[in-house]
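In case you want the letters, here they are:
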Amino acid sequence: MAQCPPKASFSLTQALQEPSCVKELNLRGQNFELLPASIGQLRSLRLLFLHENHLRHLPENLTALDSLRVLFLNKNSLLDLPASLGNLHRLRQLQVEQNMLTELPPSVAGLDSLRYLLSAYNNFTSLPEAVGQWNLLEYCDVSHNQLLFLPESVNQWGSLRYLYLNDNKLQYLPAQLGNLTQLEELNLSNNQLEELPASLGECRNLKVLILSGNQLRALPKSLGKLTKLEMLILNDNQLTTLPRSLSKLKQLKTIIVKQNAFTPAARRQAETALPGAKLYF
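Residues numbered from 1 in each chain as written. Predicted model: local features only at pLDDT ≥ 70, side-chain atom pairs only at ≥ 80, totals over all residues. Heavy atoms only, no water.

> Explanation requested: the sheet that holds strand β7 (residues 162-164) in the structure shown.
Strand pairing within a sheet occurs via backbone hydrogen bonds; the two strands may be parallel or antiparallel. Spatial ordering of the open sheet is given by β1-β2-β3-β4-β5-β6-β7-β8-β9-β10-β11-β12, a layout of 12 strands whose pairing is parallel. The open sheet has two free edges, formed respectively by β1 (24-26) and β12 (278-280), since each of these has just one partner strand. On average, adjacent strands in this sheet sit at an angle of 5° to one another, irrespective of strand direction. In terms of strand pairing, strand β4 (residues 93-95) meets strand β5 (residues 116-118) through 3 bridges, oriented parallel. Across the sheet, the residue bridging to Leu 94 is Leu 117, located in β5. (Pairing = 2+ DSSP bridges. Helix = DSSP H or I, 4+ residues; strand = E, 2+ residues; numbered from the N terminus. Axes fitted to C-alpha atoms, helices over the stretch in contact; angles between N-to-C directions.)

> How should I be thinking about the side chain of Asn 235 in this particular structure?
With respect to the secondary-structure elements, Asn 235 resides in the loop between β10 (231-233) and β11 (254-256). Contacts of Asn 235, omitting those with residues within four sequence positions, involve Ser 212, Gly 213, Ile 256, Val 257, Lys 258 and Asn 260. (Contact = heavy atoms within 4.5 Å.)

> Explanation requested: the packing of aromatic side chains in the structure shown.
Geometry of an aromatic ring pair is reported as the spacing of the ring centres plus the angle between the planes. Evaluation of the coordinates by the stated rule reveals 6 aromatic pairs. Both rings, one in Phe 49 and one in Phe 72, keep their centres 4.9 Å apart while their planes meet at 85°; by these two values the pair is edge-to-face. Of the two residues, Phe 49 sits in strand β2 (residues 47-49) while Phe 72 sits in strand β3 (residues 70-72), which places them 23 residues apart along the sequence. Each member of the pair Phe 49 and Phe 72 is classed as buried. An angle of 45° between the planes, with centres 6.5 Å apart, marks the rings of Tyr 116 and Tyr 139 as tilted. You can see Tyr 116 sitting in strand β5 and its partner Tyr 139 sitting in strand β6 (residues 139-141), a full 23 residues away along the chain. What makes Tyr 116 partly exposed here is its relative accessible area of 30%. An aromatic cluster is built from Tyr 116, Tyr 139, Tyr 162 and Tyr 164, whose rings are joined through pairwise contacts. The ring of Tyr 280 is capped by Lys 278, whose NZ or CZ atom sits 5.7 Å from the centre of that ring. (Phe/Tyr/Trp six-rings, centres within 6.5 Å; stacked < 30°, edge-to-face > 60°. Buried < 20%, exposed > 50% of the residue type's maximum accessible area, 1.4 Å probe, protein only. Lys NZ or Arg CZ within 6 Å of the ring centre and 35° of its normal.)

Below you can see the structure in the form of structure tokens.
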């Protein structure tokens, strides 16, 4: 077997000439509009950076890269992803922000090593039920899309620590959202939520909860179970009071409730009930 050259980087042409030697390929910002199907020959490839190009579609052969761990596709013009994307069983990080995607293929159930999904600034209106198979997912950013609802299967994301759903069109949340017991940060700002599921109080590791820019009139008493909560942001809702159960939260230091409907009496009551927290009305 020929010895691989001691290259720190490859062009696409060089990589295809020595496919077994290439473990990392950086094609960022090279004005690619198409990728050759032969890219599927790079079976040793672990990291592929294709961001900041002009790709609208990807060759199906891309999913033959069964050693791939990291795939950057952000800042292209992608209209879709390969139907067989789920063949990338070793993929740990997928970045597809700032494209024109409207859906994920059902095969994503096969991405059973996925830990990081960054897919903000697309046109998703929903996610497939298959995403529930991502048992190792730790970080998910689906902000700045057009999501109308979440599949019930997201309740199976038992390893999830960070979830960003802000700037969508969500009107309700799955009833069993509290199954996300490892969640530390949840951003639901700028949606159309009128209420929250009581199960949210079961997210006992939650430290930051952002709910601004919704249509909330009340908060569930179960939020008083979030003993690790440090910051609660609620501005631009329709709240008139805060649940007394929040007084149990000794770690809660910051509460922002600007642009709500608190009367002066309700403000005084909240400040008295939460002497350890700084409230911003």
